[in-house]
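Here are the chains, one letter per residue:
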Amino acid sequence: MHHFQYKDDELYCEDVPIRAIAEEVGTPCYIYSCATLGHHFTVFDSAFKDVSHLTCYSVKANSNLAVLKLFGSLGGGMDIVSGGELYRARTAGIPAERIVYSGVGKTVQEIDYALRENILMFNIESLEELDAIDKRAGVNGVKARIALRINPDIDPNTHPYISTGMKKNKFGISIDNALSAYQKARRLKNIEIMGVDCHIGSQLTEVAPFIDALKRIRVLIERLGQAGIEICYLDLGGGLGIVYDHEAPPQPHEYAESILKELEGVPCTLIFEPGRVIVGNAGILVTKVLYTKRTPSKNFVIADAAMNDLVRPSLYGSYHFIQPVKRSEKATEIVDLVGPICESSDFLAKDRGLPQPAGGEYLAVMSAGAYGFSMSSNYNSRPRAAEVMVSGGRYFVVRKRESWDDLVRLENIPEFLSVGGPLHGQGCG
Ligand code: LLP
């Protein structure tokens, strides 16, 4: 369920017309529905209400402070993968005891920061990282609570760039070496073993790979028990897919039922790290058509949003449904919707039927709440878009549009370039 609907042919987010926001805030801009965000979080979280669990929203999907604050207020924790994400989570007031920290390349500075904040646990991805965290915990005079991220070697049947639980992926510790890795962890003075962690990929549209991974993890937990290593947290990662086009992913309650059936008798607190399923369909990217251009082979619609704003189509060939902000009876035309960036990979849609877009019209790129703004960049020196959160009949700019000043704020011209000198090859004579 989401709150982006037409009323009298005008697209609304909750009770606010998108056009009003676009005219006031400018485009491109991301618009998030607070009601949808809250609803998705609650639906996911309450699917596990009968068991001890913690829903740690995956910050990378959409890292805006307002979004984090909302989930924190609903009882959510956070899954982070960098010091920067920890800083965001803490700035949004998320209690440290609800934060888990994944990622293959944690630096000493990041480890120290997380130890100081006293987060719930590190999800450790290699034996060298285990040693590093043990060492830093010793230096800081604390114990580091940890889970080992296990790579169960399961094919999640998703885009190869976002599959993470196969042998060939860089993530986690191979399930074949898991027992000995835990035995090593047990011997380390500054490490406290808390759990087992596993995340096999993103945008999964079936339950089977989750369950296959879980079966393997379950066997591991039994073996650990036999070896005297008790586990109190089982972190099952994120990965549940959403509808972009015609996918039919399991609903959170179906996902929960299958998982809970498989876990009967496992006395762990469950942790989940959902990202996309909560924010994906709670946000859109609004863009204005600048020009249209007909060539013998293509009809191009050139918009003011580009691959720097939403990279998913260029990077993964992802589909995002696109609809006009003002619905019309115009005939459908097959177009490529492209941005102003100087790359042929700069497109938001290819060979898409749209009602003959014309300059000045606004288009809504749907399902852009996850991995949209958070993957955006300044490529081609384009200021990043504004982000807006709508709640009922009100809206708030939760991140200002960047300015040209912002683009150069951190740069310095070295003195040796400031000395005036002859300019070569200029002028006509
Ligand atoms: N936990 C870990 C350790 C992760 O690496 C991820 C996502 C998640 C949780 C959240 O997964 P989700 O529930 O959102 O599927 N940029 C790509 C997706 C990359 C996913 C990276 N890891 C995209 O736009 O499709």
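Residues numbered from 1 in each chain as written. Predicted model: local features only at pLDDT ≥ 70, side-chain atom pairs only at ≥ 80, totals over all residues. Heavy atoms only, no water.

**What to know about unusual backbone geometry**
Worth spelling out the cut-off: Secondary structure elements follow DSSP: runs of H or I of four or more residues count as helices, runs of E of two or more count as strands, with numbering from the N terminus. Relative accessible area decides the class of each residue, using a 1.4 Å probe on protein chains only: under 20% of the type maximum gives buried, over 50% gives exposed, and in between gives partly exposed.
Omega for the peptide link from Thr27 to Pro28 comes to -5 degrees, which places this bond in the cis form. In this structure, Asp9 takes a positive phi of about 70 degrees despite not being glycine. Looking at where Asp9 falls in the secondary structure, it is placed in the loop between β1 (4–7) and β2 (10–13). On the basis of relative accessibility, which here comes to 31%, the residue Asp9 falls in the partly exposed class. Phi is positive for Tyr371, which is not a glycine, with a value near 55 degrees.

**Digging into the packing of helix α5 (residues 108–117) against helix α6 (residues 127–140)**
Defined as follows: Throughout, an axis means a line fitted to C-alpha atoms (over the contacting stretch in the case of helices), and angles, computed between N-to-C directions, take values from 0 to 180 degrees. For classification, angles of less than 35 degrees are called roughly parallel, those exceeding 145 degrees roughly antiparallel, those between 65 and 115 degrees roughly perpendicular, and all remaining angles oblique. If you view the pair so one helix is near and one far, a crossing is left-handed when the near helix is turned anticlockwise from the far one by less than a right angle, and right-handed when it is turned clockwise. Note on contacts: a residue pair is in contact if any heavy atoms of the two residues lie within 4.5 Å. Ten residue types, Ala, Val, Leu, Ile, Met, Phe, Trp, Tyr, Cys and Pro, are classed as nonpolar, four, Asp, Glu, Lys and Arg, as charged, and the remainder, Gly among them, as polar.
One can describe the packing of α5 onto α6 by two numbers: an axis separation of 10 Å at closest approach and a directional angle of 55 degrees. Classed by the angle they form, the pair α5 and α6 counts as oblique. Where α5 crosses over α6, the two elements pack in a sense that is right-handed. Packed against α5, whose contacting residues are Val108, Ile111, Asp112 and Leu115, the element α6 presents Ala132, Ile133, Arg136, Ala137 and Asn140 at the interface. For the contact of α5 with α6, a count of residues per class yields six nonpolar, one polar and two charged.

**Some remarks on the domain arrangement of the protein**
Where we set the bar: What fixes the domain bounds is an automatic or database domain assignment. Accessible-area loss on putting two parts together, using a 1.4 Å probe and summing over both, is the definition of buried area adopted here.
Looking at the assigned domains, one finds that the protein contains domain 1 (4–30 + 280–408) and domain 2 (34–276). Averaged C-alpha coordinates put domain 1 and domain 2 at centres separated by 32 Å. Together domain 1 and domain 2 conceal approximately 1,900 Å² of surface at their shared face, both sides included; 55% is due to carbon and sulfur atoms. When the buried surface of domain 1 facing domain 2 is broken down by residue, Tyr316, Tyr371 and Met389 rank first, second and third, together holding 29% of it.

**Concerning the pairing of strand β15 (residues 299–303)**
So the rule is basically this: Any two strands with at least two DSSP-identified bridges between them are counted as paired.
Looking at chain direction, strand β14 (residues 283–294) and β15 are connected through five bridges and run antiparallel. What sits directly across from Val289, in β15, is Ala303. Once β14 ends, the chain turns through four residues before running back antiparallel as β15. Here three bridges tie β15 to strand β17 (residues 332–338), and the two strands are oriented parallel to one another. Note that in β17 the partner of Ile302 across the bridge is Val338.

**Let's talk about the site of the ligand**
For clarity, the cut-off: For each residue, the test is whether any non-hydrogen atom lies within 4 Å of the molecule or strand; if one does, the residue is near. Pairing of N or O atoms within 3.5 Å defines a polar contact, subject to two protein rules: one partner must be a possible hydrogen donor and the other a possible acceptor, and residues neighboring in sequence count only if both atoms are side-chain atoms. Working definition of accessibility: Shrake-Rupley area with a 1.4 Å probe, residue cover restricted to the visible protein chains.
Looking at the ligand, there are 19 residues lining it, with Ser202, Glu273, Arg312, Tyr316 and Tyr371 nearest. Within the backbone of Gly239, one N or O atom sits 2.8 Å away from an oxygen atom of the ligand. Here Arg312 contributes a side-chain N or O atom positioned 2.6 Å from an oxygen atom of the ligand. Contact with the protein chains removes 93% of the 590 Å² of surface that the ligand exposes when unbound.

**Considerations on the environment of Asp235**
In this structure, Asp235 sits in strand β12 (residues 233–235). Note on Asp235: relative accessible area 0%, which makes it buried. Separated by 65 residues in the primary sequence, Asp235 and Lys170 place their C-alpha atoms 18 Å from one another. Ignoring anything within four residues of it in the chain, the contact list for Asp235 reads Val100, Met121, Asn123, Val196, Asp197, Cys198, Ile271 and Glu273. A polar contact is formed between the side chain of Asp235 and the backbone nitrogen of Gly237, at a distance of 2.9 Å.

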